[in-house]
Amino acid sequence: MSNGEKAVPIEQFIQALQTQLDRAQTAMAVKAENLDLPLTFAVKDLSLDLRTHVEIVKSEVRIRPAGPADSEASTLHLALTTITRPMIKENAKTMSLDPDEPSLKEAVGDQLTDEEQKRLEWAGVHSISQLRKLADSGAGKEVERVADLPVDRLRQALLRASRPFVASVEPDDGANEGATDPLVRLRGRNLMRNNLLPRVSLAGQPVNVMAANDREIVIAPNGDQLSGTLSIETEPGQITEMSIDLPAPKRRASTQSVVEEANDDTGGES
Amino acid sequence: MTVWHRPLAEMLTDVVGGIQEAHTPGFIVRARKVELTLPIEVWLRDINGESTFVADLPIWRWRTDFDQTPSRLQITYEEIQS
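Residues numbered from 1 in each chain as written. Chains lettered and ligands numbered in written order. Predicted model: local features only at pLDDT ≥ 70, side-chain atom pairs only at ≥ 80, totals over all residues. Heavy atoms only, no water.

### Quick look at the nonpolar core
Logical step 1: Core analysis: the largest hydrophobic core is formed by 31 residues, its most contacted members being F13(A), L48(A), L8(B), L12(B), F53(B) and Y77(B).
Logical step 2: Mapped onto this core, the elements with two or more residues apiece are α1 (10-34), β2 (39-57) and β4 (74-81) of chain A together with α1 (8-21), β1 (33-47), β2 (50-56) and β3 (71-81) of chain B.
Logical step 3: Ranked by size, the runner-up nonpolar core spans 16 residues in total, among them V166(A), V184(A), V200(A) and I244(A). (Core = buried A, V, L, I, M, F, W, Y, C linked by side-chain atoms within 4.5 Å. Buried < 20%, exposed > 50% of the residue type's maximum accessible area, 1.4 Å probe, protein only. Helix = DSSP H or I, 4+ residues; strand = E, 2+ residues; numbered from the N terminus.)

### As for the confidence of the model for chain A
Logical step 1: Here chain A averages 76 in pLDDT, while 80% of its residues score no lower than 70.
Logical step 2: Predicted confidence is poor over residues 251-270 of chain A, with pLDDT under 50, and the contacts of this stretch with residues over four places away or in other chains come to 41 contacts. (pLDDT = per-residue confidence, 0-100. Contact = heavy atoms within 4.5 Å.)

### Structural notes on a nonpolar patch on the surface
Residue and element names in this part refer to chain B.
Logical step 1: On the surface, a cluster of nonpolar side chains totalling about 360 Å² of accessible area is made up of W4, I59 and W60.
Logical step 2: When you line up the elements, W60 lands in the loop between β2 and β3.
Logical step 3: Its relative accessible area of 53% is what places W60 among the exposed residues. (Patch = residues over 30% accessible without salt bridge, like charges linked within 9 Å, V, L, I, M, F, W, Y side chains within 5 Å. Areas by Shrake-Rupley, 256 points an atom, 1.4 Å probe, with all protein chains shown as cover. Salt bridge = Lys/Arg side-chain N within 4 Å of Asp/Glu carboxyl O.)

### Digging into α1(B)
Logical step 1: Relative to the 20 Å expected for 14 residues at 1.5 Å per residue, α1(B) spans 19 Å between its end C-alpha atoms, a close match to the ideal helical length.
Logical step 2: Helix geometry: α1(B) is bent most strongly at D14(B), by close to 25°.
Logical step 3: By the burial criterion, the buried members of α1(B) are L8(B), A9(B), M11(B), L12(B), T13(B), V16(B), G17(B) and Q20(B).
Logical step 4: For α1(B), the secondary structure elements touched by its buried residues are α1 and β2 of chain A together with β1, β2 and β3 of chain B. (Expected span 1.5 Å × (residues − 1). Bend = angle between axes of the 7 residues up to and from the residue.)

### With respect to the confidence of the model for chain B
Logical step 1: Across chain B, the average pLDDT comes to 82, with 93% of residues at 70 or higher.
Logical step 2: Overall fold confidence (pTM) sits at 0.55, and the ipTM for the predicted complex is 0.86.

### A short note on helix α5 (residues 128-136) of chain A
All names here are of chain A.
Logical step 1: If you check which residues of α5 are buried, you get I128, L131 and R132. Burial along α5 is one-sided: seen end-on, the buried residues are contained in an arc of 100°.
Logical step 2: Looking at the buried side of α5, the elements it contacts are α3 (104-108), α4 (114-122) and α7 (151-162). (Arc of directions from axis to C-beta.)

### With respect to unusual backbone geometry
All names here are of chain A.
Logical step 1: At N194, a residue that is not glycine, the phi angle is positive and equals roughly 55°.
Logical step 2: Within the secondary structure, N194 is located in the loop between β6 (183-189) and β7 (199-202).
Logical step 3: N194 gets classed as exposed once you look at its relative accessible area, which sits at 57%.
Logical step 4: Not every positive phi belongs to a glycine, and N195 is a case in point at roughly 60°.
Logical step 5: The exposure class of N195 is exposed, given its relative accessible area of 71%.

### Observations regarding the packing of α1(A) against α1(B)
Helix-helix packing: each pair is described by the crossing angle between the helix axes and the interaxial distance.
Logical step 1: Contact geometry for α1(A) and α1(B): axes closest at 9 Å, N-to-C directions at 30°. Between α1(A) and α1(B) lies a crossing of right-handed hand. On α1(B), the residues touching L17(A), Q20(A), L21(A), R23(A), A24(A), A27(A), M28(A), K31(A) and A32(A) of α1(A) are L8(B), A9(B), L12(B), T13(B), V16(B), G17(B), Q20(B) and E21(B). (Axes fitted to C-alpha atoms, helices over the stretch in contact; angles between N-to-C directions. Left-handed = near helix turned anticlockwise from the far one by under 90°.)

### Focus on the sheet that holds strand β5 (residues 165-172) of chain A
Residue and element names in this part refer to chain A.
Logical step 1: Pairing within the open sheet is antiparallel, and its 4 strands lie in the order β5-β6-β10-β9. The open sheet is flanked by β5 and β9 (208-212), the only strands paired with a single partner. The average angle at which neighbouring strand axes cross in this sheet is 25°, direction not considered.
Logical step 2: Looking at chain direction, β9 and strand β10 (residues 216-220) are connected through 4 bridges and run antiparallel. Bridging from a neighbouring strand, N208 pairs with A220 of β10. (Pairing = 2+ DSSP bridges.)

### Things to note about the pattern of salt bridges
Residue and element names in this part refer to chain A.
Logical step 1: This model, assessed by the stated rule, comprises 11 salt bridges over all chains.
Logical step 2: Among the ionic pairs, E216 bridges to R185, the shortest N-O distance being 2.8 Å. Taken together, the residues E216 in strand β10 and R185 in strand β6 connect sequence positions 31 residues apart.
Logical step 3: Classification of E216 as buried rests on a relative accessible area of 17%.

Have a look at this one:
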């Protein structure tokens, strides 16, 4: 194989092979239809002995071309067979991931290197909820062994991923008709832990928390609490802080500055 | 790689499609299964931004030091209703 001396990920190679087999199948089906043939041929088995170099670059298996007169190349033996629709269903991975859930990279930021994240993916950990589940089940040692990732670093990454993160701040004008203080909705993730209301303060003064769940906190700041440092603590040590500047009540807040500030501060989370 | 090398789908469609076309209605014998073992020269080539599996039969009968040692493709086709 040759691709300008460039190694390619093995998944990319296999996908390209599968695409070509699909195209060949489609072409023959079209040909049978055009020639009015009742029968056509379908791939049953395929085996490929490929002369190549296999290498690992940054925890990724790559195939490097075996050039002309390259007698030291390895032979990669690939065997493919067709499977039925029930077999596809049986072997398909259940996608139980929440579409709103941040990726591992988004959640842990620079707490883990790209290579460490890749090794976790090797171990089947693609999301922070999977990582948390593993840690809660006491399988940290197994992960340490499989992904070559120290338990302490795993714990730090989880701590970082569990910090409260606020993506938007919006005054809730409509829902607070007649109330003394305007309500403000804070939306994001990790905003509540262990079913305990988070502690929220603004400019150093406590703020009433009216309701909370993992994705949203509704607070009722006093009339004079419109700007300053907003602090959210979901459990000891899990605090996020950011500066906010709420406009006058009954107007929609611009969350742009909040998001930008959050992004400036350690990649979106503080 | 030369410009003569084609994506795998084109090569397979030529080879197996030829056998498919050879079917003559009413003729007593027909191919029901095709097994091929082919020497192929393989590359991944960027075609229209897509990484394409290019695999074709060797162009030359006599290989020179500038040619790849071919890989080997073994493929089995079976007849199905179209």
